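# Tertiary structure, described
Each chain is listed here by its residues.
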Amino acid sequence: ALLVLPATLAVLAGCGSGSQVATSTVTPPAVAAQTITGTAATGNPLAGATVTVQDSAGRTATGLTAADGTFSISVTGRTPPFMLVAVPVSGLNMYSVLPAMDMTTTNTQNVNITPITTLVMYELNAGQDPASMFNSRSFSSVTAGAVSANETTVRSKLPANSVNPIFSMMYGKFVAQTGGT
């Protein structure tokens with residue numbers, strides 16, 4: 001009444017007889033370095049301010065501003081859009097958002113962090129503290145169009161000649177103004 005299947009036993013016996021499994025190492029493609037550079041300023045450059053970049057996945061990268069308020073922070077492998085907060089040595093925190101990341105040519109994006117960009121964040125957040133957008137990552141749906149529209153709204157509320165008309169939230173460096181434009 002004993003049933004033996006010789007073919008099955010032979011296959012099972014062959015499994016443990018020194019068979020080798022081929023292995024290979026896969027090298028992932030190199031990721032181009034991506035950097036956010038810019039200036040933090042309140043009419044004068046902010047030296048020694050801490051600038052933190054947060055991506056839409058909640059990961060952060062931090063850097064310090066130089067004497068002229070400029071900073072450079074690597075965001076290689078991070079997920080846009082990005083929000084930045086500058087924490088001055090003294091004074092109020094300032095916020096900015098970088099909704100797009102077109103790094104096909106230079107792999108670098110410039111963004112200014114000034115009271116104007118903080119006001120834009122205030123407008124984008126329906127009059128709430130921009131810190132809540134940073135902490136909740138609710139900026140992950142912010143589009144370049146929304147930023148542009150809110151920048152226009154903020155500008156319309158400012159006194160004439162109070163902001164350099166060539167000031168751009170993105171793609172440019174803040175230039176301190178000594179007087180009217």
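Because the structure is predicted, anything quoted here is derived from the model rather than measured. (Residues numbered from 1 in each chain as written. Predicted model: local features only at pLDDT ≥ 70, side-chain atom pairs only at ≥ 80, totals over all residues. Heavy atoms only, no water.)

## A word on the side chain of Ser96
Turning to its location among the elements, Ser96 is positioned in strand E6 (residues 94–98). Its relative accessible area of 0% is what places Ser96 among the buried residues. There is a polar contact of 3.1 Å between the side chain of Ser96 and the backbone oxygen of Asn112. (Helix = DSSP H or I, 4+ residues; strand = E, 2+ residues; numbered from the N terminus. Buried < 20%, exposed > 50% of the residue type's maximum accessible area, 1.4 Å probe, protein only. Polar contact = N/O pair within 3.5 Å; in protein donor to acceptor, adjacent residues only side chain to side chain.)

## Let's talk about the pattern of salt bridges
Side chains that differ in charge, positive against negative, can pair when their charged atoms come close. Summed over the entire model, instances satisfying the criterion amount to three salt bridges. Arg59 is the partner of Asp55 in a salt bridge, and the nearest nitrogen-oxygen pair spans 2.9 Å. (Salt bridge = Lys/Arg side-chain N within 4 Å of Asp/Glu carboxyl O.)

## Description of helix H4 (residues 144–157)
Here H4 spans 20 Å end to end across 14 residues, near enough to the 20 Å set by a 1.5 Å rise per residue. Every buried residue of H4 is listed here: Val147, Asn150, Glu151 and Val154. Down the axis of H4, the smallest arc covering the buried residues is 110°, so these residues share one side. Residues of H4 that are exposed and angled more than 90 degrees away from the buried face: Thr152 and Ser156. The inward-facing, buried residues of H4 abut E6 and helix H2 (115–124). (Expected span 1.5 Å × (residues − 1). Arc of directions from axis to C-beta. Contact = heavy atoms within 4.5 Å.)

## Remarks on the nonpolar core
Ranked by internal contacts, the top residues of the largest apolar core, which has 17 residues, are Ile36, Val51, Val53, Phe71, Phe82, Leu84 and Ile113. Those elements that provide at least two residues to this core are strand E1 (35–40), strand E2 (50–55), strand E4 (70–74), strand E5 (82–87), E6 and strand E7 (108–113). Element by element, the count of residues in this core is highest for E5, at three residues. Counting 14 residues, the second-largest nonpolar core is a separate cluster that includes Tyr95, Val97, Met121 and Met133. (Core = buried A, V, L, I, M, F, W, Y, C linked by side-chain atoms within 4.5 Å.)

## Thoughts on the sheet that holds E1
Strand order in the open sheet formed by three strands is E4-E1-E7, with mixed pairing between adjacent strands. Only two strands of the sheet have a single partner each, and these edge strands are E4 and E7. The mean inter-strand angle of the sheet, taken between neighbouring strand axes irrespective of direction, is 25°. Looking at chain direction, E1 and E7 are connected through six bridges and run parallel. Within E7, the position partnered with Thr37 by the bridge is Asn110. (Pairing = 2+ DSSP bridges. Axes fitted to C-alpha atoms, helices over the stretch in contact; angles between N-to-C directions.)

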